[in-house]
Amino acid sequence: MKPVYREFYNDEEVVNVVKALKQKNIMEDDIYVITHDDDRTDRVADNADANTITASETGLGTSIKNTFRSKGDELRSKFEEIGFSEPEAEQLEEELDQGKIIVAVTNQNESFTF
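What you see is a predicted model, and the numbers here were worked out from it, not measured in a lab. Each chain has its residues counted from 1, running along the sequence as written. Selection of residues for local features in this predicted model requires a pLDDT of at least 70, selection of side-chain atom pairs for listing and counting requires 80 or more, and totals for whole chains, interfaces and linings are taken over all residues. Hydrogens and water are ignored here; the side-chain numbers use all heavy atoms of the structure.

S.K.: Would you take a moment to explain unusual backbone geometry for this structure?
M.R.: Glycine aside, residues mostly have negative phi angles, and peptide bonds mostly take the trans form. Despite not being glycine, aspartate 49 has its phi angle at roughly 55°, a positive value. Numbering goes from the N terminus for both helices and strands, where a helix is a DSSP run of H or I of at least four residues and a strand is a run of E of at least two. Considering the arrangement of structural elements, one finds aspartate 49 in the loop between helix H2 (38-48) and helix H3 (55-58).

Here it is in structure tokens:
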């Protein structure tokens, strides 16, 4: 199943959307918050009780490779690991460059939207 995502600029909006997703019985393990800055990603994800893409999602090999990659390469790799195609990952990384926050939801049926 292909992940679904939405873009946000505001941390508070992300928190509200994640809460709404959980009320629709979306599992916390299927909700990811990604930003261009690791500290912001962690802060927003903690406030929203959502996941970040870590070594458990990417695997140890990719996680080690990411330590030597540029930030853009690392982010594209993370997007691909949760199910986005290479062109989608490139587009999403460009959105992060503009200061956006991406909330991605995995493991939902094809009709799922948010």
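Text resumes after the structure shown.
S.K.: What's the story with the packing of aromatic side chains in this structure? I'm lost.
M.R.: Aromatic rings in a pair are described by how distant their centres are and how their planes are angled relative to each other. Each pair of aromatic rings taken from Phe, Tyr and Trp, with Trp reduced to its six-membered ring, is defined by centres within 6.5 Å and is described as stacked if the planes are under 30 degrees apart, edge-to-face if over 60, and tilted in the remaining cases. The final tally for this structure, using the stated rule, is three aromatic pairs. Ring plane angle 85° and centroid distance 5.8 Å describe the contact between phenylalanine 79 and phenylalanine 84, whose orientation is recorded as edge-to-face. For phenylalanine 84, a relative accessible area of 5% corresponds to the buried category. Note on classification: 1.4 Å probe, protein chains only; a residue is buried when its accessible area is under 20% of the maximum for its type, exposed when over 50%, partly exposed between these limits.

S.K.: So what exactly am I meant to see when it comes to helix H6 (residues 86-97) here?
M.R.: The span expected for a helix works out to 1.5 Å for each residue beyond the first. When the terminal C-alpha atoms of H6 are compared, their 17 Å separation across 12 residues agrees well with the 16 Å that a helix rising 1.5 Å per residue should span. Buried within H6 we find Ala89, Leu92, Glu93, Glu95 and Leu96. Looking down the long axis of H6, one finds its buried residues gathered within 155° of arc, a one-sided arrangement. Buried residues in H6 make contact with strand E1 (4-8), strand E2 (31-34), helix H5 (71-81) and strand E3 (101-105). Glycine 99 sits one or two positions beyond H6 and adopts a positive phi of about 90°. Here the arc refers to the directions that run from the helix axis out to each C-beta atom. In what follows, a contact means two residues having at least one pair of non-hydrogen atoms within 4.5 Å.

S.K.: What's the story with helix H1 (residues 11-23) in this structure? I'm lost.
M.R.: Residue pairs spaced three or four apart in an α-helix point in one direction, given the helix's 3.6 residues per turn. For H1, with 13 residues, the first-to-last C-alpha span of 19 Å sits near the 18 Å given by 1.5 Å per residue. Within H1 the residues assigned to the buried category are Val14, Val15, Val17, Val18 and Leu21. The arc enclosing the buried residues of H1, seen along the axis, measures out at 170°, which places them on a common side. Within H1, the exposed residues directed more than 90 degrees away from the buried face are Glu12 and Gln23. Buried residues along H1 sit in contact with E1, E2, H2 and E3. Where H1 begins, one side-chain oxygen reaches toward the backbone nitrogen of glutamate 12, 2.6 Å away; that side chain belongs to asparagine 10. The positive-phi residue at the C-terminal boundary of H1 is asparagine 25, with phi of around 65°. Within 3.5 Å is the distance limit for a polar contact, defined as a pair of N or O atoms, with the added protein rule that one can donate a hydrogen and the other accept it, and that residues adjacent in sequence qualify only through two side-chain atoms.

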